[in-house]
Amino acid sequence: MREWVDHVIWWHVYPLGFGGGLGKLAGWLDYPLELGANGLQLGPVFASETHGYDTVDHFRIDPRLGDDAQFDALVAACRERGLHVLLDGVFNHVGRGFQAPQSWFKGTVFEGHGSLVELDHDNPEVLAYVVRVMRHWLDRGVSGWRLDVAYGVPPAFWRAAVGQVRETHPEAWFTGEVIHGDYATWLRESGLDSITQYELWKAVWSSLNDGNLWELAWAHKRNNEVLAAGLPLTFVGNHDVTRIASKLTDERHLGHALVVLFTTGGVPSVYYGDEQGYRGVKEDRPGGDDEVRPPFPERPADFSAYGKPVFALHQRLIGMRRRHAWLVRAHTSEEHLTNTAAAFVATDGEHRLVTLLNIGDQPYGFPIPPDGLRLIETHDEDLSREVLTVPAHGWSILEG
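Structural notes, computed from the coordinates. It should be emphasised that the depicted structure is a prediction, and the values quoted were computed from it without experimental measurement.

Let us now look at the overall build of the protein chain. When helices and strands are tallied, the protein chain shows 12 helices and 20 strands. Taking 2.2 N^0.38 as the reference for a compact globule, 400 residues should give roughly 21 Å; the C-alpha atoms of the protein chain span a radius of gyration of 21 Å, in line with that estimate. Counting only C-alpha atoms, the protein chain reaches 65 × 45 × 40 Å along its principal axes. When burial is assessed residue by residue, the protein chain has 59% of its 400 residues classed as buried. For the protein chain, the exposed surface amounts to about 15400 Å²; the carbon and sulfur share of it is 52%. Each charge class in the protein chain can be summarised by its mean position, and for the 35 positive and 54 negative side chains these summaries are 1 Å apart.

A few words now on the sheet that holds strand β7 (residues 105-110). If you trace the three strands from one edge of the open sheet to the other, you get β6-β8-β7, paired in antiparallel fashion. On the outer flanks of this sheet lie β6 (93-95) and β7, each paired with one strand and no other. The average angle at which neighbouring strand axes cross in this sheet is 45°, direction not considered. Where β7 lies against strand β8 (residues 113-119), three bridges are found, and the strand directions are antiparallel. Looking across to β8, one finds that F105 is bridged to L119.

Examined against the element boundaries, N224 turns out to sit in helix α9 (residues 213-227). When the C-alpha positions of N224 and A184 are compared, they lie 9.6 Å apart, and in sequence the two are 40 residues distant. Not counting residues within four places of it along the chain, the set of residues in contact with N224 comprises A330, H331 and T332.

About the thresholds
- Residues numbered from 1 in each chain as written.
- Predicted model: local features only at pLDDT ≥ 70, side-chain atom pairs only at ≥ 80, totals over all residues.
- Heavy atoms only, no water.
- Helix = DSSP H or I, 4+ residues; strand = E, 2+ residues; numbered from the N terminus.
- Rg over C-alpha atoms; globule rule 2.2 N^0.38 Å.
- Buried < 20%, exposed > 50% of the residue type's maximum accessible area, 1.4 Å probe, protein only.
- Areas by Shrake-Rupley, 256 points an atom, 1.4 Å probe, with all protein chains shown as cover.
- Lys, Arg positive; Asp, Glu negative; His and termini not counted.
- Charge placed at Lys NZ, Arg CZ, Asp CG, Glu CD.
- Pairing = 2+ DSSP bridges.
- Axes fitted to C-alpha atoms, helices over the stretch in contact; angles between N-to-C directions.
- Contact = heavy atoms within 4.5 Å.

Written out as structure tokens, the structure is:
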């Protein structure tokens, strides 16, 4: 079941920000292939009142994006290229224009947002509706669902919903948005395949900014526990957070963040524009998401040359990940650790990669056994250097 997930790398797009609707997006599908991705993770595409997360009809494509025919054409074009499609399902709450019996609603709003009315997940009619929506779009060719605000819905509801959907779509994959808490227990109780790995996301930029790689080591231990229950969706950027290029206080450490993403167990996702070095700060105000949900140019040739090195780095690291597909279930531990230097070992019990991170101002020689290790990737592509010495603010990936 769902073996395809072991090999998927998502390119995550927020369609309402991307601009030009589904027709324009269909013209971009060779781009994620060039990047090395084989999955298209879409933000909301259903009819909504404003930003997509205030849905009014889960069975209708948002007219700002197109119509059913354009959606079907997009999915068909993805399938022709071997791209899986992941939809964003907003089932915790709906927009005020959503038409349903009053008994479907709790009478509360989502986290103080007056425009977002919460559904009553104890109502069996709500469960039946969500199952019907999921099956409808899976029948249309999508591969799975990202479940928005999954943490706000009782885990028993998800267990019942996905259990029914899997009766007709056993290959479907479900990842839930969970910000914090006991991820492993939540996965086991909900029956979902995956959760959004926010703990790892936070540890990546925070440990690099603070010169505290111990935090990253702790996040790896926590991630190992999650892997015992399911496959986390890993990322260094998404539609809800400040872009990684803006989050890092030292731009030399962007490569370090990406190396962690692509050598850590889980299912990686790249947020559109991050692969071009886009910057953008999320702010807690109306319109505060605009910077991180920008329009894309009409075609890839219109990108600034500024992003080419970042794109090339993504290509290299995604290529490395593809050649070591076992990393999806790899557990990571530290073989050597200081505040600013770390040797992390990822293994599935049979294979092994060692990631060396140096965020200090001096070259660092790692006191670990060479054990036949060979350099397969490094920040400046110089594979001839001494294996266990990493230049200041550099990184290396070793195999063996």
